Each structure stands twice: as C-alpha cells, then as structure tokens.
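Fold and contact review
Single-letter residue listing:
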Amino acid sequence: MYSSNAIGHFHEESPSLAPTAPPCPQPPPRPPSPLASRLANTTTSNNAVASAPKPWSTGLCDCCDDVSSCCLTCWCPCVAFGRIAEIVDRGSTSCGVSGSLYAIILCLTGCSCLYSCFYRSKLRGQYFLEESPCTDCCIHCCCEECSLCQEYRELTHQGFDISIGWHGNMARQKRLAAKVEGGMTR
C-alpha cells in the first residue's frame, strides 16, 4: 500500500504497522414513532394491517347529509369551528375561546381559513384520514364552509355529540360504561 505525505510524496506503508480504529459502536434502535405504532395497530375489516389512510366518512360536498350542521356552518361558522376545535383539542380549549378567535381572525383579516386548516390537519392525524381531495389549507381556503361541515360530520361519525362538547361527551361515555358494567352483573 502507498500513502501520501503532506507535500505529495508517496511512500510505502507497512500493513502490519498501520493503525486500526476500533469498530464504531452501533446506536441502540429507536422506538417506533407514535404514527408507526398507530399504523401497526390499524386494521381493516379483514384484519389485515392498513397501509394507507382511511377515507373520510362523507364527501367534501355532502353538506346536506346533515342539514343542521350545514345551516350552523353557513350562518355561524365561528360556532361550528369552536365546537370542532374543542373536540379535536380534547377539551383543552373551549368552544367559546376557539370560536371567538376564529371570529376575530375572520373580522380582522378575512382569512380565518388559515387558522381552521390546522385543525383539519390535526383531525386527520387523530383519525388517520386521507388528505383529499387536496391539501388541508387549499380545501379551507377554497371551500371553508364545506370543509367545516365535513369535519363536523366526521366527528359525529366517530361517535361524538358535538353540541355537548368534549367534557359532555366524556361524561356521557362514563354513564354508558357504568350502565354496561351494571347490566352485566348477576
């Protein structure tokens, strides 16, 4: 073997005298990310592991499937958004705070869609829904009312009564669990 010194002259190296570096230790394997865990636990109806996000339960333009949420979203989008945000945030923000912030952004800038599109992304992440028909911000900027209606219907499809908020849904779930446990004793 030949090697070069600092000024470019070559000399022969002795293979037995060449220093060897100890092997680099391998880092421990990383634990799976929460999304990877969710993917591993997501199954389809035939118990095969799902490899793609699920479709929304209703289409973007199916607003009239739930007339009450459609009317609420068209005439009071700040209330509809506040209710969606409270459920998506799992009660950490109230309907009133989120709805008021939405209304303030709407009145001052006219671009409340930039705020509400982040909640669509958060909702999709929680329920592993596909980003369709286009990106979340594009959907909210072009079809704000339709997107809020779709999110409202999706949360209803997931088993929430959006009108009673996060804490009301948790209390309802506890009552139902108590009835099931009470009814199963002998």
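Cut-offs and rules
- Residues numbered from 1 in each chain as written.
- Predicted model: local features only at pLDDT ≥ 70, side-chain atom pairs only at ≥ 80, totals over all residues.
- Heavy atoms only, no water.
- Helix = DSSP H or I, 4+ residues; strand = E, 2+ residues; numbered from the N terminus.
- Buried < 20%, exposed > 50% of the residue type's maximum accessible area, 1.4 Å probe, protein only.
- Contact = heavy atoms within 4.5 Å.
- Areas by Shrake-Rupley, 256 points an atom, 1.4 Å probe, with all protein chains shown as cover.
- Salt bridge = Lys/Arg side-chain N within 4 Å of Asp/Glu carboxyl O.
- Disulfide = S-S within 2.5 Å.
- Core = buried A, V, L, I, M, F, W, Y, C linked by side-chain atoms within 4.5 Å.
- Expected span 1.5 Å × (residues − 1).
- Arc of directions from axis to C-beta.

Details of the overall build of the chain
Helices and strands together make up the secondary structure of the chain, namely eight helices and two strands. In the chain, the succession of α and β elements from N to C terminus is β-β-α-α-α-α-α-α-α-α. In the chain, which comprises 186 residues, the share counted as buried stands at 30%. Put simply, 59% of the contacts in the chain that link residues at least 6 apart link residues at least 24 apart. Accessible surface computed for the chain: about 12,100 Å², of which carbon and sulfur atoms make up 63%.

Focus: the pattern of salt bridges
Scanning the model with the defined rule gives five salt bridges in all. A salt bridge links E151 to R120; the nearest nitrogen and oxygen atoms lie 3.3 Å apart. Residue E151 is found in helix 7 (residues 144-157), and its partner R120 is found in helix 5 (residues 113-127); the two are separated by 31 residues along the sequence. By relative accessible area, which is 0% here, E151 ends up buried. Classification of R120 by relative accessible area gives buried; the value is 0%. The structure contains a network of salt bridges with shared partners spanning R120, R124, E131, D136 and E151.

Points about the state of the cysteines
This structure, assessed with the given rule, holds zero disulfides. As a non-bridged cysteine, C142 has C138 as the owner of its nearest cysteine sulfur, 4.2 Å distant. Taking relative accessible area as the criterion, C142 reaches 60% and is therefore assigned exposed. Its sulfur unpaired, C143 is 5.2 Å from the next cysteine sulfur, which belongs to C146. You can call C143 partly exposed: its relative accessible area is 27%.

Examining the nonpolar core
Membership of the largest hydrophobic core comes to 20 residues, with the highest contact counts inside it found for F81, L155 and F160. If you list the elements that add at least two residues to this core, you get helix 3 (77-88), helix 5 and helix 7. At six residues, helix 3 tops the list of elements feeding residues into this core. For F81, the contacting residues outside a window of four places in its chain are S98, Y102, Y115, S116, Y119 and L148.

Considerations on helix 4 (residues 95-109)
Spanning 15 residues, helix 4 covers 21 Å between terminal C-alpha atoms, matching the ideal 21 Å at 1.5 Å per step. What helix 4 keeps buried is the set S98, G99 and Y102. The buried side chains of helix 4 occupy one side of the element, clustering within an arc of 95° when seen end-on. Seen from the open side of helix 4, the exposed residues pointing more than 90 degrees away from its buried face are V97, C107 and L108. Turning to helix 4, the residues buried within the fold contact helix 3, helix 5 and helix 7. Backbone geometry just after helix 4 places G110 at a positive phi near 75°.

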